Amino acid sequence: SQEHLDEPTVEDHWAEMRQDKKMVLRFYLIRGINLMAQDDDGFSDPFVNVKLTGHEPIMDKDRSLRNKTLCPNFYLYYEFKDVIMTGDHTLEIEVWDEDLIGDDNIGIASVDLEDRHYTKSWYERDIEAKKWQPKEWLPIISPSTPVPQGKLECWIDLLDDKEAGQVPIISLEPPKGDPWELRVVVWRVDELNFRDSEEYNLFVSGNVEYKSVEDEK
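This structure is a prediction, so every number in the text was calculated from the model and none was measured.

Draft legend 1. The arrangement of the overall build of the chain in detail. Each helix and strand counted, the chain has seven helices and eight strands in total. Here the chain, with 217 residues, has 34% of them falling under the buried criterion. Expressed as a percentage of contacts within the chain between residues at least 6 apart in sequence, the contacts between residues at least 24 apart total 69%. Taken as a whole, the chain presents about 15100 Å² of accessible surface, with 52% of it coming from carbon and sulfur.

This is the structure in structure tokens:
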């Protein structure tokens, strides 16, 4: 039928895939997970640099530095334009630890964008699917050891110019949290040892330890 003849063939798909396409890369970095400690206090002061083959690297220490943490909350957005497919494009996220006498490289997380772009499950998604990319967890690899140095939680959009106009950029923000009231009731205290008297006037105090997702404290 004429309707059947109008459908793209396998040869049509291959011809389209072989044509150079100008793409936009959007990289959303949410957080680091269980980074390897680099400092004597058992923590690191991590920051990231983001690099893409054929593009100027984004050296982002000033914006991404997080102090004394192994699970940094980043909530950062990076964009590279004029990414030509086909082409050898590797996205690298370098994770560093700030030190006074020289920063230490914790490791690198990398993604082969060309390989991913031409994977059938990635290439054939419709525009609605591209609006809701799944999160992924990239291993951080150091050349000095085969043991992963932690993970980066993130997601990646690779869109052509038309798709970039249809898929909005998502604003990344730390979770605000909800107000809660904590109530603790102490009914009694058992098995106290009184050395100099048979009874005392007792009271109970306590404190709450927490970690803010906004300032890493």
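Draft legend 2. View of the packing of aromatic side chains. One pass over the full model with this rule turns up three aromatic pairs. Taken together, a centroid distance of 4.3 Å and an interplanar angle of 15 degrees make the contact between Y28 and W155 stacked. On the criterion of sequence distance, the pair formed by Y28 in strand β1 (residues 21-33) and W155 in strand β8 (residues 151-160) is long-range, its members being 127 residues apart. Owing to a relative accessible area of 0%, Y28 belongs among the buried residues under this scheme. Put simply, the rings of Y28, Y77 and W155 pair up and form one aromatic cluster. R63 extends its terminal NZ or CZ atom over the ring of Y78, reaching a point 5.1 Å from the ring centre.

Draft legend 3. Molecular detail of the environment of L138. With respect to the helices and strands, the residue L138 is situated in strand β7 (residues 136-139). The class for L138 is buried, based on a relative accessible area of 7%. Sequence separation between L138 and V111 is 27 residues, and the spatial gap between their C-alpha atoms is 8.3 Å. Dropping the residues within four chain positions of it, L138 is found in contact with I93, A109, V111, G150, K151, L152 and C154.

Draft legend 4. Geometry of the confidence of the model for the chain. Per-residue confidence for the chain gives a mean pLDDT of 84, with 85% of residues at or over 70. Confidence, expressed as mean pLDDT per element, reaches its minimum in the chain at helix α1 (residues 2-6) with 50 and its maximum at strand β3 (residues 58-59) with 98.

Draft legend 5. Representation of the pattern of salt bridges. For the structure shown, the criterion picks out 16 salt bridges. Across the pair K81 and E79 runs a salt bridge, and its minimum N-O distance is 3.8 Å. Of the charged contacts in the structure, one is a salt bridge between K130 and E163, with a shortest N-O distance of 2.4 Å. Linking K130 in helix α6 (residues 127-130) with E163 in helix α7 (residues 161-166), this pair joins segments that are 33 residues apart in sequence. Like K130, the residue E163 is buried in the burial classification. One continuous salt-bridge network, built from bridges that share partners, spans R26, E79 and K81.

Each value, and the rule that gives it
- Residues numbered from 1 in each chain as written.
- Predicted model: local features only at pLDDT ≥ 70, side-chain atom pairs only at ≥ 80, totals over all residues.
- Heavy atoms only, no water.
- Helix = DSSP H or I, 4+ residues; strand = E, 2+ residues; numbered from the N terminus.
- Buried < 20%, exposed > 50% of the residue type's maximum accessible area, 1.4 Å probe, protein only.
- Contact = heavy atoms within 4.5 Å.
- Areas by Shrake-Rupley, 256 points an atom, 1.4 Å probe, with all protein chains shown as cover.
- Phe/Tyr/Trp six-rings, centres within 6.5 Å; stacked < 30°, edge-to-face > 60°.
- Lys NZ or Arg CZ within 6 Å of the ring centre and 35° of its normal.
- pLDDT = per-residue confidence, 0-100.
- Salt bridge = Lys/Arg side-chain N within 4 Å of Asp/Glu carboxyl O.

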